[in-house]
Amino acid sequence: MIRKCQVIFCDNEHGTGDVTFPDICALDPQTVQQVFIEGNTTNELRKAAKLAGWGRVNGGDYCPACIESGV
């Protein structure tokens, strides 16, 4: 079985995976499995990220800390 999981990486200097949505490093294995099962579309993922404080500026995705600091 192959499953896909879409993850947003912050496009700022920590865009190497330090800051992601969902924060897969902080999730327990059961929740990570659920994220893979749900397989959200890009639009659904961005909508959920926006509710969590993420934003898009000039085509890039930015975490809440970067959005607050003005990217």
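Structure: see above.
For the structure given in this document, a descriptive report is provided here. (Residues numbered from 1 in each chain as written. Predicted model: local features only at pLDDT ≥ 70, side-chain atom pairs only at ≥ 80, totals over all residues. Heavy atoms only, no water.)

1. Considerations on the overall build of the protein chain
For step 1, the next point in the chain: Helix and strand content of the protein chain: three helices and four strands.
For step 2, the next point in the chain: When the helices and strands of the protein chain are read in sequence order from the N terminus, they spell out β-β-α-α-β-β-α.
For step 3, the next point in the chain: Taking 11 Å as the expected radius of gyration for a compact globule of 71 residues, we find that the protein chain reaches 12 Å, a close match to that expectation.
For step 4, the next point in the chain: Considered along the principal axes of its C-alpha atoms, the protein chain spans approximately 40 × 20 × 20 Å. (Helix = DSSP H or I, 4+ residues; strand = E, 2+ residues; numbered from the N terminus. Rg over C-alpha atoms; globule rule 2.2 N^0.38 Å.)

2. Digging into the environment of R46
For step 1, the next point in the chain: In this structure, R46 sits in helix α2 (residues 42–51).
For step 2, the next point in the chain: Here R46 falls in the partly exposed class, since its relative accessible area comes to 30%.
For step 3, the next point in the chain: Along the backbone, R46 and D61 are 15 residues apart, and their C-alpha atoms lie at a distance of 8.9 Å. (Buried < 20%, exposed > 50% of the residue type's maximum accessible area, 1.4 Å probe, protein only.)

3. Side note on the nonpolar core
For step 1, the next point in the chain: Counting residues in each nonpolar core, the largest one holds nine residues, listed as I8, C10, F21, L45, A49, W54, Y62, C63 and C66.
For step 2, the next point in the chain: In this structure I8 touches V19, T20, F21, L45, R46, A49, W54 and D61, once residues within four positions along its chain are discounted. (Core = buried A, V, L, I, M, F, W, Y, C linked by side-chain atoms within 4.5 Å. Contact = heavy atoms within 4.5 Å.)

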